[in-house]
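A closer look at the structure
Spelled out, the chains give:
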Amino acid sequence: MFKGFYNLTSGMLTQQRNLNVVGNNLVNISTAGFKQDRYTASTFDEVMYSRVGSLYSGGQEIGQQSYIRATSDIYTDFTQGVMEPTGLNLDFCIIGDGFFAIEDPEGNVSYTRMGNFSLDDEGYLGLPGYGYVLDPDGERIYLGTDKVISDKQGLLYYSENQGLIGRLGVYSFPDNGELEYNDRGLFTGEGAAVSQNYEIRGQCLERSNTDMIRQMTEMITCQRALQSAAQISKMYDQLMTRATTEVGRLQ
């Protein structure tokens, strides 16, 4: 009789985790270069089979039911976001595969698609609140002025094809799925190399690839599923109480 609690509890936990992911996507819908996450879950027996071995590798199956769900993974969707013109000289958008490299004050390098840069007090190009933008050689980029233009390779000039200043570093990874968020919301990973398959668009930003309508729909669906599971759980608890206090009472 208590098996229902496993289904209801795991269902509530699953929907709550999904709501957390959806909520984070919606909060960052206006964040330049943000990539939405997607939550997936599997039944517990599927997780066990993946850890221990195949269902058909031997042994006798003792049942077909799986009473709980377990977190499978949270996937980041790296599809290209919409390019939006801003008219600002220090806004840059990557078209294709790649990330800007950002060095924080402690010297750690992380990666992002955000391109809304600015100059610090010393004239270095940086991502406000995060750190310095790096070139393909891993060095900081000194501009000294925001009166710059760029070409498709990320080369920075004071004027049309004259007065070369430097170049924006764009880095790629063997597998974007292996990237992880750090505590500042930027990506970290191993195997970064200078990308060859990209274009840079100046005075533009890549917007978040979050589909607001789909995320809102999923949020409502998860909320209703969570509320339904909570209500049924309450009913189940009342039923168990009656079963132990009334049905089981000795006459």
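Not measured: the values here are computed from a predicted model.

Focus on the overall build of the chain
A tally of helices and strands in the chain yields three helices and 18 strands. The buried share of the chain, reckoned over its 251 residues, is 35%. Pairs at least 24 residues apart make up 67% of the contacts formed inside the chain by residues separated by at least 6 positions. If you sum the accessible surface of the chain, you get close to 15,100 Å²; carbon and sulfur atoms cover 51% of it.

Concerning the nonpolar core
Among the nonpolar cores identified, the biggest contains 19 residues, and Phe100, Phe117, Leu125, Leu168 and Ile200 are the most heavily contacted of them. Contributing elements (two or more residues each) for this core: strand E4 (92–96), strand E5 (99–103), strand E8 (125–127) and strand E17 (198–202). Counting residues in each nonpolar core, the second largest holds eight residues, with Phe99, Ala101, Tyr111 and Leu179 among its members.

Structural notes on the confidence of the model for the chain
For the chain, mean pLDDT is 83; residues scoring 70 or higher make up 82% of the total. Note that residues 44–49 has pLDDT below 50 and, in this model, nine contacts with residues that lie over four places away or in other chains.

Here's the deal with unusual backbone geometry
With a phi close to 60°, Gln203 is a non-glycine residue in the positive phi region. With respect to the helices, strands and loops of the structure, Gln203 is situated in the loop between E17 and strand E18 (204–206).

Describing the layout of surface pockets
With a probe scaled to a water molecule rolled over the atoms, the places where space remains empty come into view. By volume, the second largest pocket amounts to about 270 Å³. Along its surface, the second largest pocket is lined by 19 residues, and Asn28, Thr31, Phe34, Tyr181 and Gly185 are the ones closest to its centre. Here the lining of the second largest pocket is built from residues that sort into nine nonpolar, six polar and four charged.

A closer look at the pattern of salt bridges
As a working rule, side chains carrying opposite charge can pair if their charged atoms are close by. Scanning the entire structure with this criterion turns up six salt bridges. One salt bridge in this structure joins Glu84 and Arg207, with 2.5 Å as the shortest N-O distance. Within this pair, whereas Glu84 is found in strand E3 (residues 83–85), its partner Arg207 is found in the loop between E18 and helix H3 (212–247), the two being separated by 123 residues in sequence. A salt bridge links Arg140 to Glu103, with the nearest nitrogen and oxygen atoms 3.1 Å apart. With Arg140 in the loop between strand E9 (131–133) and strand E10 (149–150) and Glu103 in strand E5, this residue pair connects regions lying 37 residues apart in the sequence. The exposure class assigned to Arg140 is partly exposed, which follows from its relative accessible area of 38%. On the basis of relative accessibility, which here comes to 17%, the residue Glu103 falls in the buried class.

As for the sheet that holds E10
Read from one edge to the other, the open sheet built from three strands follows the order E10-E11-E12, with strand pairing classed as antiparallel. With one partner strand each, in any of the chains shown, E10 and strand E12 (162–167) form the two edges of the open sheet. Here E10 pairs with strand E11 (residues 155–159) via two bridges, running antiparallel. In the sheet register, Ser150 faces E11, and the bridge partner there is Leu156.

Concerning the side chain of Lys35
Among the secondary structure elements, Lys35 is positioned in the loop between helix H1 (3–27) and strand E1 (37–43). On the basis of relative accessible area, Lys35 is assigned to the buried category, the value being 1%. Sequence-distant contacts of Lys35, defined by excluding residues within four places in its chain, comprise Thr76, Asp77, Phe78, Thr79, Gln80, Gly81, Arg113, Tyr181, Glu206 and Asn209.

A look at a nonpolar patch on the surface
Taken together, the side chains of Met212, Ile213 and Met216 make up a nonpolar region of the molecular surface, amounting to roughly 300 Å² of accessible area. Structurally, Met212 can be placed in helix H3. The exposure class assigned to Met212 is partly exposed, which follows from its relative accessible area of 44%.

So, how was this worked out
- Residues numbered from 1 in each chain as written.
- Predicted model: local features only at pLDDT ≥ 70, side-chain atom pairs only at ≥ 80, totals over all residues.
- Heavy atoms only, no water.
- Helix = DSSP H or I, 4+ residues; strand = E, 2+ residues; numbered from the N terminus.
- Buried < 20%, exposed > 50% of the residue type's maximum accessible area, 1.4 Å probe, protein only.
- Contact = heavy atoms within 4.5 Å.
- Areas by Shrake-Rupley, 256 points an atom, 1.4 Å probe, with all protein chains shown as cover.
- Core = buried A, V, L, I, M, F, W, Y, C linked by side-chain atoms within 4.5 Å.
- pLDDT = per-residue confidence, 0-100.
- 1 Å grid on protein atoms, 1.4 Å probe; cavity = no way out; pocket = protein on both sides within 12 Å on 5 of 7 lines; lining within 4 Å.
- Points joined across faces, edges and corners; volume = space filled by probe spheres on them.
- Nonpolar A, V, L, I, M, F, W, Y, C, P; charged D, E, K, R; others polar.
- Salt bridge = Lys/Arg side-chain N within 4 Å of Asp/Glu carboxyl O.
- Pairing = 2+ DSSP bridges.
- Patch = residues over 30% accessible without salt bridge, like charges linked within 9 Å, V, L, I, M, F, W, Y side chains within 5 Å.

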